[in-house]
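Take a look at the letters that make up each chain.
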Amino acid sequence: MENTGDEPLVFLEMFKHPRFEDISVMQWMANTPHEIIADTINVERSIIDELPATKQTLI
């Protein structure tokens, strides 16, 4: 999440499923057919081809 406004951001995320799973936007784009993503967000397919297919862990 990134707050791009001038006021504080309050974010609440709730899950009904008992198990939490997380997928990053880059991981989602890398695992979706590349031509669909490239056409949808209007970028060269080579950019999408370079995205990592696995989520990078940040510590």
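Residues numbered from 1 in each chain as written. Predicted model: local features only at pLDDT ≥ 70, side-chain atom pairs only at ≥ 80, totals over all residues. Heavy atoms only, no water.

Draft legend 1. Highlighting the pattern of salt bridges. Using the criterion set out here, one finds two salt bridges in the structure. Linking E35 and R45 is a salt bridge whose minimum nitrogen-to-oxygen distance equals 3.3 Å. Remark: R45 occurs in helix α3 (residues 45-49) and E35 occurs in helix α2 (residues 34-41); sequence separation between them is ten residues. Its relative accessible area of 42% is what places R45 among the partly exposed residues. For R45, the salt bridge goes to D49, with nearest N and O atoms at 3.4 Å. Placement of both R45 and D49 in helix α3 is noted, with a separation of four residues, approximately one turn of the helix. Since its relative accessible area comes to 40%, D49 is described here as partly exposed. Shared partners join several salt bridges into a network, and the residues in it are E35, R45 and D49. (Salt bridge = Lys/Arg side-chain N within 4 Å of Asp/Glu carboxyl O. Helix = DSSP H or I, 4+ residues; strand = E, 2+ residues; numbered from the N terminus. Buried < 20%, exposed > 50% of the residue type's maximum accessible area, 1.4 Å probe, protein only.)

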